[in-house]
Amino acid sequence: MNRENRSSRNQPLVPRGFKPKLGQNSVGRDPFFQCQPNPQSPEGISLAPYVRTLPLVVDAMLDLAQVGSEDTLYDLGCGDGRILIRAAQRFGTQGMGVDIDPERILEAQQRAREAQVQDRVTFLQQDLLTLDLTPATVVSCYLLPRSHLLIRDKLRSQLRPGARLVTHSFDMGDWLPTATTTVSDVINTYTIYLWRI
Ligand SMILES: C[S@@+](CC[C@H](N)C(=O)[O-])C[C@H]1O[C@@H](n2cnc3c(N)ncnc32)[C@H](O)[C@@H]1O
């Protein structure tokens with residue numbers, strides 16, 4: 001491998017709209033922990049960089065939330081749509097995903113077509129802070145810890161009784177979860193959190 005390739009591979013990816021805060025965390029070079037929401041983003045407030053949830057974590061989230069065919073699952077900051085697409089494939093779940101990044105929405109729509117679940121999932125470029133959550137029976141999100149705190153009141157006021165919220169890696173501060181579980185790969189252990197409204 002030449003010097004240029006090695007150098008670029010070792011650089012942490014700093015997603016568009018984020019400013020790295022180097023040296024202010026203890027999680028090494030993980031870009032997720034080195035970023036600050038950027039309130040100047042023209043699309044809205046950026047509440048997290050783009051980091052994909054691993055497939056084994058996606059499945060564990062769906063299992064902990066007991067997602068089924070009757071559910072309407074919302075993913076807040078849907079990225080490439082993997083959580084909703086997987087739920088549609090496994091259970092036939094209807095899904096709604098929003099992301100402020102138009103590239104992610106195009107990617108999610110393409111992946112949905114490839115998985116032949118485009119009739120079950122909708123992906124919109126939208127600031128999740130402006131999204132009406134009242135139709136959701138299950139909400140998933142994977143945002144920065146401070147962003148989880150920012151949307152906590154919205155979740156509690158808009159979700160109907162019996163609805164579930166599922167996150168991983170980050171909790172909701174002093175809003176204690178109904179249940180937690182962990183799932184591991186060869187490198188990491190991921191904690192998954194569930195709240196039942
Ligand atoms: C950590 S990624 C999670 C992606 C996907 N949910 C997953 O678990 O694989 C967070 C996503 O939230 C999106 N995002 C950040 N701020 C947002 C906002 N205000 N409204 C909608 N999406 C946002 C980012 O563009 C990014 O794709």
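First, a word on what this report is: a plain description of the structure on this page. Starting afresh in each chain, residues are numbered from 1 along the sequence in its written order. Since the coordinates come from a predicted model, pLDDT governs what is reported: local features require at least 70, and pairs of side-chain atoms require 80 or more to be given and counted, while whole-chain, interface and lining totals use all residues.

## Some points on the overall build of the protein
Then step 1. Counting its regular elements, the protein contains 5 helices and 9 strands.
Then step 2. Strands are runs of DSSP state E lasting at least two residues, helices are runs of H or I lasting at least four, and both sets are numbered from the N terminus onward. Reading the secondary structure of the protein in the N-to-C direction produces α-β-β-α-β-α-β-α-β-β-α-β-β-β.
Then step 3. Classification of the 197 residues of the protein by burial places 38% in the buried group.
Then step 4. Throughout, a residue-residue contact means that the two C-beta atoms, derived from backbone geometry, are no farther apart than 7 Å. Considering only contacts in the protein between residues 6 or more positions apart, those separated by 24 or more positions represent 60%. Any residue surrounded by 20 or more other C-beta atoms within 10 Å of its C-beta is treated as buried, while 12 or fewer makes it exposed and the intermediate range makes it partly exposed; C-beta atoms here are placed from the backbone.

## Focus: the site of the ligand
Then step 1. In this analysis a residue is considered near a molecule or strand if the C-beta atom, reconstructed from its backbone, is found within 6 Å of that molecule or strand. As a matter of local geometry, the ligand sits amid 25 residues, with L47, T53, G77, G79 and L128 nearest to it.
Then step 2. Elements with a minimum of two residues in the shell around the ligand: α3 (82–91) and β4 (94–99).
Then step 3. The residue inventory of the shell around the ligand, partitioned by class, reads 13 nonpolar, 5 polar and 7 charged. The classification used treats Ala, Val, Leu, Ile, Met, Phe, Trp, Tyr, Cys and Pro as nonpolar, Asp, Glu, Lys and Arg as charged, and all other residues, Gly among them, as polar.

## Examining the pairing of strand β6 (residues 138–141)
Then step 1. With burial as the criterion, each face of β6 is covered, one bearing V138 and S140 and the other bearing V139 and C141.
Then step 2. Following DSSP output, two strands are said to pair if at least two bridges run between them. Pairing of strand β3 (residues 72–76) with β6, which is carried by 4 bridges, proceeds in the parallel orientation. Residue pairing across strands places L73 opposite V138, the latter belonging to β6.
Then step 3. Bridge count between β6 and strand β7 (residues 164–168): 4 bridges; the pairing is parallel. Following the sheet pairing, S140 is matched in β7 by V166.
Then step 4. Crossover handedness is defined here as right-handed if the route from the first strand over the helix to the second strand goes clockwise, with the strands pointing away from the viewer. Crossover connection from β6 via helix α5 (residues 145–158) to parallel β7: handedness right-handed.

## Section: α3
Each full turn of the α-helix corresponds to 3.6 residues, which orients residues three or four apart in the same direction.
Then step 1. Of all the 10 residues making up α3, 7 are buried; the element is thus mostly covered by neighbouring parts of the structure.
Then step 2. Regarding α3, the residues found buried are R82, I83, L84, I85, R86, A87 and A88.
Then step 3. Next to the buried residues of α3 lie α2 (55–64), β3, β4, α4 (102–114), β5 (121–125) and β6.
Then step 4. Directly after α3, the chain includes G92, whose backbone phi takes a positive value near 80 degrees.

## As for the environment of V121
Then step 1. Counting through the fold element by element, V121 comes out in strand β5.
Then step 2. With 26 C-beta atoms packed within 10 Å, V121 lands in the buried category.
Then step 3. Residues V121 and A87, 34 residues apart in the sequence, show an inter-C-alpha distance of 9.6 Å.
Then step 4. When sequence neighbours within four positions are dropped, the list of residues in contact with V121 reads G81, L84, I85, A88, G95, G97 and A112.

## A closer look at the nonpolar core
Then step 1. Take the buried Ala, Val, Leu, Ile, Met, Phe, Trp, Tyr and Cys residues, join any whose C-beta atoms are within 7 Å, and the set you get is a nonpolar core. One finds M61, L84, V138, V139 and V166 to be the most contacted residues of the largest nonpolar core, which totals 44 residues.
Then step 2. The element contributing the most residues to this core is α2, with 6 residues.

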